[in-house]
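Listed below, chain by chain, are the residues.
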Amino acid sequence: MKPQILATGISGLVGTRVQELLQDKFEFTDLSLATGVDVTNYEDLENHIRNSPAKIILHMAAKTDVDGCEDDKIFGEEGKAWVINVTGTENIVKIAEKCGKKVIYISTDFVFDGTRDSYSEDDEANPLNWYAVTKHEAEKLVLEYSNSCVIRIAYPYRSTFSAKKDFVRRILDKMEHKETVIAITDHIITPTFIDDIAKGLGEFLNKDLNGIYHLVGDQSVSVYDAVGMIAAEFNYTDIDVRSVTRAVYFKERAFRPFKLVLKNDKIKKLGMSMCGFDQGLKIIRQQMLSARI
Ligand SMILES: NC(=O)c1ccc[n+]([C@@H]2O[C@H](COP(=O)([O-])OP(=O)(O)OC[C@H]3O[C@@H](n4cnc5c(N)ncnc54)[C@H](OP(=O)(O)O)[C@@H]3O)[C@@H](O)[C@H]2O)c1
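Cut-offs and rules
Residues numbered from 1 in each chain as written. Predicted model: local features only at pLDDT ≥ 70, side-chain atom pairs only at ≥ 80, totals over all residues. Heavy atoms only, no water. UniProt positions renumbered as here; feature names shortened; annotations may be inferred. Near = heavy atom within 4 Å. Polar contact = N/O pair within 3.5 Å; in protein donor to acceptor, adjacent residues only side chain to side chain. Helix = DSSP H or I, 4+ residues; strand = E, 2+ residues; numbered from the N terminus. Nonpolar A, V, L, I, M, F, W, Y, C, P; charged D, E, K, R; others polar. Axes fitted to C-alpha atoms, helices over the stretch in contact; angles between N-to-C directions. Parallel < 35°, antiparallel > 145°, perpendicular 65-115°, else oblique. Contact = heavy atoms within 4.5 Å. Left-handed = near helix turned anticlockwise from the far one by under 90°. Salt bridge = Lys/Arg side-chain N within 4 Å of Asp/Glu carboxyl O. Buried < 20%, exposed > 50% of the residue type's maximum accessible area, 1.4 Å probe, protein only. Lys, Arg positive; Asp, Glu negative; His and termini not counted. Pairing = 2+ DSSP bridges. Right-handed = clockwise from strand over helix to strand, strands pointing away.

- Naming follows an unreviewed UniProt entry, where the protein appears as dTDP-4-dehydrorhamnose reductase.
- The UniProt entry for the protein carries the following text under Pathway (unreviewed entry): "Carbohydrate biosynthesis; dTDP-L-rhamnose biosynthesis."
- Of the protein, the UniProt comment under Function (unreviewed entry) reads exactly: "Catalyzes the reduction of dTDP-6-deoxy-L-lyxo-4-hexulose to yield dTDP-L-rhamnose."

Laid out in structure tokens, this is it:
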């Protein structure tokens, strides 16, 4: 019998691939709006969790639209971003504690302010936008419970997912349609191949680990450089790239930190390995080609 895992957010960009790649090893129960479970409804959630034999709750559900979350800021704790990301997580933690289940919470590089050269798990968070504030508040709630861990991911990308475009797909679509590609020069990111996230989560589901971990790619690049790498890998030679700074691009949107170089030494010491962006791009290109055959 495969170990059972209760999973929120399994219908999302990251979650669907986690399920695809790990379904041979684990039996996932989908706790999402699509299956009638709203993480913001305590009773509803408790009914589904209490009766499950699963020992682990993998909590990936969130309001992830960063600019949409910023619009919720004026509503504070009444707004959707807070209610889903913070109250929803609080519900999960309370019920997990009551039922003796472990919580694995998926968080984000955005909890950092991007002012340091790099960030390890011990560095202090200082979120700059409302999405990040809500994710950081949720992290704190998760870490107050001893049987838990927080796994931060960053700029996840995969070969295909029609329901939501990741940042690589958004750039590729612009290149395919010969549209101008906006390339931010002063935003440094650590792109993470979702297949590596899935593989890494498989380890977390098998090992009893607590605390914070950075499950992120092996290479950090500016968005500007990322555009160049994508163009090179996918053989786009004639592209219209417009360089902009964060100050200009995010003027009317949620502000993004400067340098989000997250270190992944802690997971490497556990034997996990992650692709650099160059390697990840090669693999997704191969996967796209194979899917067309
Ligand atoms: N995408 C990124 O760039 C990124 C970067 C860093 C960290 N993360 C974190 O990684 C996790 C997964 O992100 P993602 O991009 O895969 O998410 P996503 O594609 O936006 O999907 C969000 C998921 O949350 C579920 N959800 C939303 N509200 C819910 C509610 N009230 N009750 C139950 N389920 C609800 C959705 O379920 P339905 O389908 O039923 O609506 C969906 O499965 C999130 O925690 C996010 O903060 C993401």
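**Re the site of the ligand**
Right, on to step 1. Residues in close proximity to the ligand total 24 residues, the closest being S11, T64, Y131, K135 and K164.
Right, on to step 2. A distance of 2.9 Å separates an oxygen atom of the ligand from a polar atom in the backbone of M60.
Right, on to step 3. Here K135 contributes a side-chain N or O atom positioned 2.7 Å from an oxygen atom of the ligand.
Right, on to step 4. Elements supplying a minimum of two residues to the shell around the ligand: α1 (13-22), β4 (102-108) and α5 (130-144).
Right, on to step 5. Broken down by element, the shell around the ligand gets its largest block of residues, 3 residues, from β4.
Right, on to step 6. Counted by class, the shell around the ligand contains 14 nonpolar, 7 polar and 3 charged residues.

**Quick look at the packing of helix α4 (residues 80-99) against α5**
Right, on to step 1. Their axes nearest at 9 Å, the elements α4 and α5 cross at an angle of 10°. Between α4 and α5, the crossing angle belongs to the class labelled roughly parallel. Where α4 approaches α5, its residues A81, W82, N85, V86, T89, E90 and V93 are matched on the opposing element by W130, Y131, V133, T134, K135, E137, A138, L141 and V142.
Right, on to step 2. Tallied by class, residues from the contact of α4 with α5 come to 10 nonpolar, 3 polar and 3 charged.

**Concerning the environment of M60**
Right, on to step 1. For M60, the position within the fold is in the loop between β3 (56-59) and α3 (66-72).
Right, on to step 2. As a C-alpha pair, M60 and A7 span 53 residues in sequence and 7.2 Å in three-dimensional space.

**Brief notes about the packing of helix α2 (residues 42-50) against α4**
Geometry of a packed helix pair, given as the angle between the helix axes and the separation of the axes.
Right, on to step 1. One can describe the packing of α2 onto α4 by two numbers: an axis separation of 10 Å at closest approach and a directional angle of 40°. Considered as vectors, α2 and α4 are oriented oblique to each other. Once α2 is placed against α4, the crossing between them reads as right-handed. Facing α2, whose interface residues are Y42, L45, E46, I49 and R50, α4 presents G88, N91, I92, K94, I95, K98 and C99.
Right, on to step 2. For the contact of α2 with α4, a count of residues per class yields 6 nonpolar, 2 polar and 4 charged.

**A short note on the pattern of salt bridges**
Right, on to step 1. Enumeration over the complete set of coordinates arrives at 21 salt bridges.
Right, on to step 2. Ionic pairing is found between K98 and E46, a salt bridge with its closest N-O pair at 2.7 Å. Taken together, the residues span a long stretch of sequence, with K98 in helix α4 and E46 in helix α2 at a distance of 52 residues.
Right, on to step 3. According to the relative accessible area criterion, K98 is exposed, its value standing at 56%.
Right, on to step 4. The class for E46 is buried, based on a relative accessible area of 12%.
Right, on to step 5. Two residues, D123 and R116, come together in a salt bridge whose shortest N-O distance is 3.4 Å.
Right, on to step 6. One salt-bridge network, in which partners are shared between bridges, spans R17, E20, R158 and D195.

**A word on the side chain of D166**
Right, on to step 1. Secondary-structure assignment places D166 in the loop between β6 (156-157) and α6 (167-176).
Right, on to step 2. One buried charge, D166, has no salt-bridge partner; the nearest side chain with opposite charge is R158, at 6.1 Å.
Right, on to step 3. Here the side chain of D166 touches R158 through a polar contact of 3.0 Å, landing on its backbone nitrogen.
Right, on to step 4. There is a polar contact of 2.9 Å between the side chain of D166 and the backbone nitrogen of R169.
Right, on to step 5. When near neighbours in sequence (up to four residues on either side) are disregarded, D166 contacts L13, P156, Y157 and R158.

**Looking at the pairing of strand β2 (residues 27-31)**
Right, on to step 1. Here 5 bridges tie strand β1 (residues 4-8) to β2, and the two strands are oriented parallel to one another. Considered in β2, the bridge of T8 is made with L31.
Right, on to step 2. Following the chain from β1 across α1 to the adjacent parallel β2, one finds a crossover that is right-handed.

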